[in-house]
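Each chain, letter by letter, is given below.
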Amino acid sequence: QMRLVESGGGSVQAGGSLRLSCAASASGRTFSTYRMGWFRQAPGKEREFVATISRSGGTIYADSVKGRFTISRDNAKATMYLQMNSLKLEDTAVYYCAVFIGRDRTRDYDYDYWGQGTQVTVST
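Cut-offs and rules
Residues numbered from 1 in each chain as written. Predicted model: local features only at pLDDT ≥ 70, side-chain atom pairs only at ≥ 80, totals over all residues. Heavy atoms only, no water. Pairing = 2+ DSSP bridges. Helix = DSSP H or I, 4+ residues; strand = E, 2+ residues; numbered from the N terminus. Axes fitted to C-alpha atoms, helices over the stretch in contact; angles between N-to-C directions. Disulfide = S-S within 2.5 Å. Buried < 20%, exposed > 50% of the residue type's maximum accessible area, 1.4 Å probe, protein only. Phe/Tyr/Trp six-rings, centres within 6.5 Å; stacked < 30°, edge-to-face > 60°. Lys NZ or Arg CZ within 6 Å of the ring centre and 35° of its normal. Salt bridge = Lys/Arg side-chain N within 4 Å of Asp/Glu carboxyl O.

Notes on the sheet that holds strand β8 (residues 79-84)
Here four strands make up an open sheet; going across it, the order is β1-β3-β8-β7 and the pairing antiparallel. The open sheet terminates on both sides in strands that have one partner only, identified here as β1 (4-7) and β7 (69-74). When the angles between neighbouring strand axes are averaged without regard to direction, this sheet yields 15°. Here strand β3 (residues 18-24) pairs with β8 via six bridges, running antiparallel. In the sheet register, leucine 18 faces β8, and the bridge partner there is methionine 84.

Now the structure itself:
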């Protein structure tokens, strides 16, 4: 079982940047064997897919963040990142990281070992 801890959230003005981290309680070797993902949930809305990264570094992004967000991982540190640039008001949400365990890489029901989330608030 893997425990995940997100950090790096905060309040930022529209157009600004934040970098989220997701640290896993696992060895780098174990961490490197998993595809990982970022999701977010805004107030009153369902949790939605943001980005995912494969064991080898292949990435998939939601259309809403493509070109603005970059997902990456450092297997030696057992940590995944989400660099968020050109933030918009609609990016405000709690951001979660999770481990992919299923078939559909963009569906939250195929992920497990969710972290507690980190709040991102974008304002004018």
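Focus on the state of the cysteines
The final tally for this structure, using the stated rule, is one disulfide. Note on cysteine connectivity: cysteine 22 is disulfide-linked to cysteine 97, with sulfurs 2.1 Å apart. Here the disulfide of cysteine 22 and cysteine 97 is right-handed, its torsion about the S-S bond being about 75°. Of this pair, cysteine 22 sits in strand β3 while cysteine 97 is found in strand β9 (residues 93-100), placing the two residues 75 residues apart along the sequence. For the pair cysteine 22 and cysteine 97, one class covers both residues: buried.

Looking at the environment of glutamate 90
Within the element layout of this structure, glutamate 90 appears in the loop between β8 and β9. Separated by 48 residues in sequence, glutamate 90 and alanine 42 have C-alpha atoms that sit 8.5 Å apart.

Some points on the packing of aromatic side chains
Under the definition given, this model contains six aromatic pairs. On the numbers, 5.7 Å between centres and 70° between planes, the contact of phenylalanine 39 with phenylalanine 49 is edge-to-face. In this pair, phenylalanine 39 is assigned in strand β4 (residues 36-41) and phenylalanine 49 in strand β5 (residues 48-53), connecting sequence segments ten residues apart. Residues phenylalanine 39 and phenylalanine 49 agree in their burial class; the two are buried. In textbook terms, an aromatic cluster arises when at least three aromatic residues are bridged by ring pairs, as seen for Phe39, Phe49, Tyr96, Phe100, Tyr111 and Trp114. Note that arginine 19 overlies the ring of tyrosine 81, its terminal NZ or CZ placed 4.0 Å from the centroid. Between the NZ or CZ atom of arginine 47 and the centre of the ring of tyrosine 96, over which it lies, the distance is 5.8 Å.

Concerning the pattern of salt bridges
As enumerated under the stated definition, the model contains six salt bridges in all. For the salt bridge of lysine 66 with aspartate 63, the shortest nitrogen-to-oxygen distance reads 3.1 Å. On the basis of relative accessibility, which here comes to 68%, the residue aspartate 63 falls in the exposed class. Residues aspartate 91 and arginine 68 are paired through a salt bridge, measuring 2.7 Å at the closest nitrogen-oxygen approach. Linking aspartate 91 in the loop between β8 and β9 with arginine 68 in the loop between β6 (59-61) and β7, this pair joins segments that are 23 residues apart in sequence. The same class applies to aspartate 91 and to arginine 68, which are both buried. The structure contains a network of salt bridges with shared partners spanning Arg40, Glu48, Arg68 and Asp91.

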